[in-house]
Amino acid sequence: MVRLPLTPAEVERGQRLGALLRRARGERSMLEVALDARVSPETLRKIESGRVATPAFPTVAAIAEVLGLSLDAVWAEMNPADDGVGSVRAGRGAREWLAS
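Residues numbered from 1 in each chain as written. Predicted model: local features only at pLDDT ≥ 70, side-chain atom pairs only at ≥ 80, totals over all residues. Heavy atoms only, no water.

It is worth spelling out the packing of helix H1 (residues 8-25) against helix H4 (residues 57-67) at this point. Where H1 meets H4, the closest approach of the two axes is 10 Å, and the angle between their N-to-C directions is 30°. By the criterion of interaxial angle, the relationship of H1 to H4 is roughly parallel. At the point where H1 passes H4, the crossing takes the left-handed sense. Of H4, the residues touching H1 (which contributes Leu17, Leu21, Ala24 and Arg25) are Val60, Ile63 and Leu67. Among the residues making up the contact of H1 with H4, the classes are represented as 6 nonpolar, no polar and 1 charged. (Axes fitted to C-alpha atoms, helices over the stretch in contact; angles between N-to-C directions. Helix = DSSP H or I, 4+ residues; strand = E, 2+ residues; numbered from the N terminus. Parallel < 35°, antiparallel > 145°, perpendicular 65-115°, else oblique. Left-handed = near helix turned anticlockwise from the far one by under 90°. Contact = heavy atoms within 4.5 Å. Nonpolar A, V, L, I, M, F, W, Y, C, P; charged D, E, K, R; others polar.)

Structure below.
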């Protein structure tokens, strides 16, 4: 499978997601949150740093649950200008993210 290069908008969304997760984690250790979410600490580190700009939905959902974040809040943070009608890039919108 060939992965298309990320657009600047996708990179920015990934950075916003990472910042949200870091803020929500607060003083909790990355290891504790990762283990509670059943993801590797390296995966959480990459998402928080923005190195993984388009993480899989189940991964984000698990981390959000551990941090007490609603998925609506996560989506709103990642897409502040999104009105819920369109997608940022064809084939890379909310529906695809939710389906992954």
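On to the confidence of the model for the protein chain, then. When pLDDT is averaged along the protein chain, the result is 84; 80% of the residues meet or exceed 70. Confidence, expressed as mean pLDDT per element, reaches its minimum in the protein chain at helix H6 (residues 94-99) with 48 and its maximum at helix H2 (residues 30-37) with 97. Between residues 83-96, whose pLDDT stays under 50, and residues either more than four places distant or in other chains, the model counts 17 contacts. (pLDDT = per-residue confidence, 0-100.)

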